[in-house]
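Listed below are the residues making up each chain.
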Amino acid sequence: MFLKIENLKMQFGGLIAVNDVSINVEKGEIHGLIGPNGSGKTTIFNVLSGYYKPSGGKIVFDGKTISNLPAYQITAAGFARTFQNLRLFSSMTVLDNVLVGMGHHAKTGLWKTILNPVAVQREENIFIEKAMNFLNLLEVADFANELATSLPYGSQRRVEIARALATDPQIILLDEPAAGLNEIETEKLREILMKIQNTGVTILLVEHDMKLVMGICDVITVLDYGKKIAEGTGAAISNDPVVIEAYLGQEDL
Amino acid sequence: MRKKTIIIRALLFGGAALILLFFPYIAQNRYQVHIINMAGIYIILSLGLNLAMGYAGQFNLAMGALWGVGAYTAGLLNTRLGLPFWINLPAAMIVAGLIGAIVGLPSLKVRSHYLAIVTIGLGEVINIILINEEKLTGGALGVSRIKMPNFFGFPINTDERFYYIILVVVILGFLVTRQILKHHIGRSFRAIRDDYQAAKAMGVNTAYYQILAFIISAAYAGAAGALFAHLNTYISPDIFEFKSTLFVMTMTMVGGMGSLAGSVVGGLTLPILQEYLRVIKDWQLVVYGISIMIVVLFVPGGVIELTRRMRNSRKIHWPWSPKPEEEKLEETNVSEN
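Thresholds applied
- Residues numbered from 1 in each chain as written.
- Chains lettered and ligands numbered in written order.
- Predicted model: local features only at pLDDT ≥ 70, side-chain atom pairs only at ≥ 80, totals over all residues.
- Helix = DSSP H or I, 4+ residues; strand = E, 2+ residues; numbered from the N terminus.
- Rg over C-alpha atoms; globule rule 2.2 N^0.38 Å.
- Buried ≥ 20, exposed ≤ 12 C-beta atoms within 10 Å, placed from the backbone.
- Contact = placed C-beta atoms within 7 Å.
- Pairing = 2+ DSSP bridges.
- Axes fitted to C-alpha atoms, helices over the stretch in contact; angles between N-to-C directions.
- Parallel < 35°, antiparallel > 145°, perpendicular 65-115°, else oblique.
- Left-handed = near helix turned anticlockwise from the far one by under 90°.
- Nonpolar A, V, L, I, M, F, W, Y, C, P; charged D, E, K, R; others polar.
- Domains from an automatic or database assignment.
- Core = buried A, V, L, I, M, F, W, Y, C linked by C-beta atoms within 7 Å.

## Some words on the overall build of chain B
Looking only at helices and strands, chain B has 15 helices and two strands in total. In terms of overall size, chain B behaves like a compact globule, its C-alpha atoms giving a radius of gyration of 20 Å where 337 residues would be expected to give roughly 20 Å. The burial tally for chain B puts 47% of its 337 residues in the buried class. In chain B, once contacts between residues fewer than 6 apart in sequence are set aside, the share between residues at least 24 apart is 77%.

So this is what it looks like as structure tokens:
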């Protein structure tokens, strides 16, 4: 098992945001995580990326328990994420944003940076080349030297994905990547997600755009009020009465 | 870039280099050299503060007190143990750096304004220790008769001679700061300043880099302290009170927070301005306060942003600024806010 979320529980005071949720994610799949607003999807992401320590249960990744590691070590272990509301580094260019994601691969520490500028520049050049590859993959390479926050919304979303990929993840957590995108941009996003899957990166996707989710996810987990209510392929989920009830309410009232 | 602009830039750079190199011979009197020496010390302090505050977003407002730690380390090593400046300089940097790491610890729990308040408090603690540990520090009387350095038998015993030590340290400090900030360490700093949570998710070890920013800025303060102690041969705790931090902060903000050139501009301007403002005594503080307010309200990027704006406005066309078609490319890189 690649990523195993076991009986995860997340409690904020009296509010139980995630209640006893277990999810298995297989290597290489696109795993959808859906549910009405407030069902605990983003909370699960925040626990996975180390922002919250779970109140109960654990997360096992590649045989190692990662739920008590600090955020930056979870990233080093192979997790990357994007944010629901864009969080690009506002003072930096697109390229610099992506390069930040590569910083933890840097072999040159403080002393080497000061005393051996040539070695640092060599390392930097390799980073820049790799970063440009990611920008090309996400089709935002033209903006490389522009201020990240000056880009159109859809492009900023793609820069965020490029930045996440730059950390060299095994699994990438995408929090509503299609939010605010028009249909053409969403279609482009779909192609990009397939490309990412083809590079061998597993994707865990939170998304409200059902067409996108049904179209590309291998497995979908449905949450409601912090509980897992269903899991299966897109076809199975969309016919599940429990799921329909959660989204649309009870049938005859 | 046009050939003409390259030549003009080379001439300007060469002229500036010549002035810097022969300044003690150009200056009209020893006092002018002394002011420029002090300006050099302030530039080092401002570079340190700029790295921590302007780049990494870490409010190190114990800068003046850490300057004092450096000065006392050098002064005491010299008067008590007879150690020379060349050993005291790195020693002051190490001691100040270690204390800086402690001052930086609260940054792991509190940020921005709250961190500013905590570091002001820790700076005051350092100052109180300097005043009250009389056996070690000489109390309010300070440390006197610190010896000026000796360079392989050549006594560096005047402001004119000391100028060259300061010049070398300032240039080294500037280049080292630029080198640190240019690559991944600098990017991690800026990532933490821009968005702390996103930086974590990008694998930035935020705690490490926050403390590192404090250590580097404190080490700069330590170097400035050792220079100050050996230049003036006398130090006392009142010099390193919070007002010195305010002075360094003013020059950094007026020059340009987040720009190393800003530190140089501010570090040169304010100590000179201070001399002209001596006649108005305490009203100086009003001038500093108003200048900070003007900067914050109208030009948050300081003098450096002002020159960039002037260049972009095209009304004033400096001979060394790029031609309009090149300008367009540069404009896209300039932040709107």
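The discussion continues.
## Observations concerning the overall build of chain A
Each helix and strand counted, chain A has ten helices and ten strands in total. In summary, chain A has a C-alpha radius of gyration of 19 Å against a globular reference of 18 Å for 253 residues, a match within 12%. In terms of its C-alpha atoms, chain A occupies a principal-axis envelope of roughly 70 × 40 × 30 Å. Relative to its full complement of 253 residues, chain A shows a buried share of 42%. Within chain A, residue pairs in contact and separated by at least 24 positions form 66% of the contacts whose partners lie at least 6 positions apart.

## As for the sheet that holds strand E5 (residues 64-65) of chain A
Residue and element names in this part refer to chain A. In spatial order, the strands read E2-E1-E4-E5; together these four strands make up an open sheet with antiparallel pairing. At either margin of the open sheet sits one strand with a lone partner, and together these are strand E2 (15-25) and E5. Bridge analysis of strand E4 (residues 56-61) against E5 gives two bridges, and the strand direction is antiparallel. Across the sheet, residue phenylalanine 61 finds its bridge partner in E5, namely lysine 64.

## Let's talk about the packing of helix H2 (residues 30-55) of chain B against helix H12 (residues 260-276) of chain B
To characterise two packed helices, one gives the angle between the axes of the helices and the distance between these axes. All names here are of chain B. The interhelical angle for the contact between H2 and H12, taken along N-to-C directions, is 140°, at an axis separation of 8 Å. In terms of axis orientation, H2 runs oblique to H12. Like other packed secondary-structure pairs, H2 and H12 cross with a definite hand, here right-handed. Between H2 and H12, the residues in contact are Ile35, Met38, Ala39, Tyr42, Ile43, Ser46, Leu47 and Asn50 and Leu260, Gly262, Ser263, Val264, Gly266, Gly267, Leu268, Pro271, Ile272 and Glu275, respectively. The class makeup of the residues in the contact of H2 with H12 is eleven nonpolar, six polar and one charged.

## Regarding the domain arrangement of chain A
Residue and element names in this part refer to chain A. For chain A, the assigned domains read domain 1 (1-78 + 169-253) and domain 2 (91-165). Each partner contributes residues to the interface: domain 1 has eleven residues there, and domain 2 has nine residues. Sorting the residues of the side of domain 1 that touches domain 2 by element identifies helix H2 (71-76) and helix H7 (183-198) as the ones contributing at least two each. In terms of residue class, the side of domain 1 that touches domain 2 is built from seven nonpolar, two polar and two charged.

## Overview of the nonpolar core
B:Leu45 and B:Ala223 are the most contacted members of the largest nonpolar core, which totals 163 residues. A total of 18 residues in this core trace back to one element, the largest contributor, which is helix H10 (residues 206-232) of chain B. No fewer than three residues from each of domain 1 (1-78 + 169-253) and domain 2 (91-165) of chain A sit in this core. Discounting chain neighbours no more than four positions away, the residues touching B:Leu45 are B:Met63, B:Trp67, B:Tyr220, B:Ala221, B:Ala224 and B:Val248.

## Digging into the environment of B:Arg111
Looking at the secondary structure, you find B:Arg111 in the loop between helix H4 (85-104) and helix H5 (112-132). Between the C-alpha atom of B:Arg111 and that of B:Gln58, which follows or precedes it by 53 residues, the distance is 7.6 Å.

## Side note on the sheet that holds strand E7 (residues 171-175) of chain A
Residue and element names in this part refer to chain A. The strand order across the open sheet formed by six strands is E6-E7-E8-E3-E9-E10, and the pairing between neighbours is mixed. On the outer flanks of this sheet lie strand E6 (79-81) and strand E10 (227-232), each paired with one strand and no other. Going across the sheet, the axis of each strand differs from the next one's by a mean of 20°, ignoring polarity. Across the face of the sheet, H7 comes into contact with strand E3 (30-34), E7 and strand E8 (202-206) while running at roughly 145° to E8. Across the sheet, helix H10 (residues 241-248) touches strand E9 (219-224) and E10, and the angle it forms with E10 is around 130°.

## Some thoughts on the interface of chain B and chain A
Taken together, the contact between chain B and chain A spans 25 residues of the former and 31 residues of the latter. Contributing elements (two or more residues each) for the side of chain B that touches chain A: helix H7 (159-182), helix H8 (184-194), helix H9 (196-201) and H10 of chain B. Per-element tally for the side of chain B that touches chain A: the top contributor is H8(B), with seven residues. Classifying every residue of the side of chain B that touches chain A gives nine nonpolar, eleven polar and five charged.

## Notes on the packing of helix H11 (residues 242-255) of chain B against helix H13 (residues 283-298) of chain B
All names here are of chain B. At a closest axis distance of 9 Å, the pairing of H11 and H13 adopts a crossing angle of 35°. The handedness of the crossing between H11 and H13 comes out as left-handed. In contact with Thr250, Met253 and Val254 of H11, H13 contributes Tyr288, Ser291, Ile292 and Val295. Within the contact of H11 with H13, the residues separate by chemical class into five nonpolar, two polar and no charged.

## A word on the pairing of E9(A)
All names here are of chain A. When E3 meets E9, the two strands line up parallel, connected through four bridges. Directly across from isoleucine 34, in E9, lies its bridge partner valine 222. Strand direction decides the pairing type here: E9 and E10, joined by five bridges, are antiparallel. Counted as the bridge partner of aspartate 224 is lysine 227 from E10.

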